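# Structural characterization, general
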Amino acid sequence: MPSTRTIEVLASAADLFHAAAEEFVRVARTAIGAQGRFTVALSGGSTPKALYSLLATNYAGFAWNRIFLFFGDERHVPPTDPESNYRMVNESLLTKIAIPAENVFRVPAESPDAAAAASEYEAQLRRFFEIKPGEFPRFDLILLGLGPDGHTASLFPDSPALNEESRLVVANWVAKFNAHRITFTFPVLNRAAEVMFLASGADKADMVRQVLEGKNTPPLPSQRVQPSDGKLLWMLDEAAAAKLTR
Ligand code: 6PG
């Protein structure tokens, strides 16, 4: 299935998150119907929190026992830290749904050694997807956000992880944070059956235009997300899409 790019623009942030929740559940139903399970990698940051809360309220009765949740990236902090993506997802979704604990694959980011945490998480992915060295997992859905500098997951411009071609998960040194982030690599992102970017608000409009219409050398990290055999879906609200030429 050749890679397709779809841009959906919703009138408001509320409409955006409703449409994103419906898409999440649509892909989940299709995957569960076809293979008995749905594998999804969640994004962090602030934007998806409203989506996770909506899934918890509107889809509490969904077949969460058939859903396997991973994290596309994590800050190098314990799960109790306010910066933790796991903590955000736990508070907005996991504590409100009946998902078996063994279906949630948290990045062990409390490890003082970020590289060790990344290796451990990669090992978890390889075990779960039963893949051999050189093989890559195929997620049914990967959620991504868009950073002000064009980063996505924790693949930041000019950072070492941009060139990773064989690892699934790496500890990426991010100079501006003077810290590591633990992140999926492009080979994992680009093997997904579907990648959904979520961007909301006027402060994203410039970067949305740059990523979707700009010719950047080198390309921005978000521009390098091109599923080789899957769907690329950009879900935007009007404010985030305001500078697109349509
Ligand atoms: C993270 C994310 C990151 C995020 C963007 C957008 O851990 O921060 O995975 O890639 O999606 O930075 O963040 P906001 O949604 O907060 O604007």
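The following paragraphs examine the structure supplied in this document.

Criteria and thresholds
- Residues numbered from 1 in each chain as written.
- Predicted model: local features only at pLDDT ≥ 70, side-chain atom pairs only at ≥ 80, totals over all residues.
- Heavy atoms only, no water.
- Helix = DSSP H or I, 4+ residues; strand = E, 2+ residues; numbered from the N terminus.
- Rg over C-alpha atoms; globule rule 2.2 N^0.38 Å.
- Buried < 20%, exposed > 50% of the residue type's maximum accessible area, 1.4 Å probe, protein only.
- Contact = heavy atoms within 4.5 Å.
- Areas by Shrake-Rupley, 256 points an atom, 1.4 Å probe, with all protein chains shown as cover.
- Lys, Arg positive; Asp, Glu negative; His and termini not counted.
- Charge placed at Lys NZ, Arg CZ, Asp CG, Glu CD.
- Salt bridge = Lys/Arg side-chain N within 4 Å of Asp/Glu carboxyl O.

Secondary structure summary: the protein contains seven helices and nine strands in total. Computed over C-alpha atoms, the radius of gyration of the protein comes to 17 Å, within 12% of the 18 Å expected from 2.2 N^0.38 for 246 residues, which places it in the range of a compact globule. The dimensions of the protein, computed from C-alpha atoms along their principal axes, are 45 × 40 × 40 Å. By residue count, 54% of the 246 residues in the protein fall in the buried class. Across the protein, the fraction of contacts at a sequence separation of at least 24, relative to all contacts at a separation of at least 6, is 75%. Of the roughly 10,600 Å² of accessible surface on the protein, 52% is carried by carbon and sulfur atoms. Treating the 25 positive side-chain charges of the protein as one cloud and the 28 negative ones as another, the clouds have centres 2 Å apart.

Tallied over the full model, the rule gives 13 salt bridges. Taking the shortest distance from any N to any O, the salt bridge between R126 and E122 comes out at 3.3 Å. Of this pair, R126 and E122 are both found in helix α4 (residues 114–129), four residues apart, which corresponds to roughly one turn of the helix. Both residues of the pair, R126 and E122, count as buried. Between K176 and D149 there is a salt bridge; the shortest N-O distance is 2.7 Å. Here K176 is found in the loop between β6 (169–174) and β7 (179–184), whereas its partner D149 is found in the loop between β5 (141–144) and β6, with 27 residues between them in sequence. Under the relative-accessibility criterion, D149 is labelled buried at 18%. Linked through salt bridges whose partners overlap, the residues forming this network are E23, R26, E194 and K231.

Any functional reading would require information beyond the geometric quantities listed.
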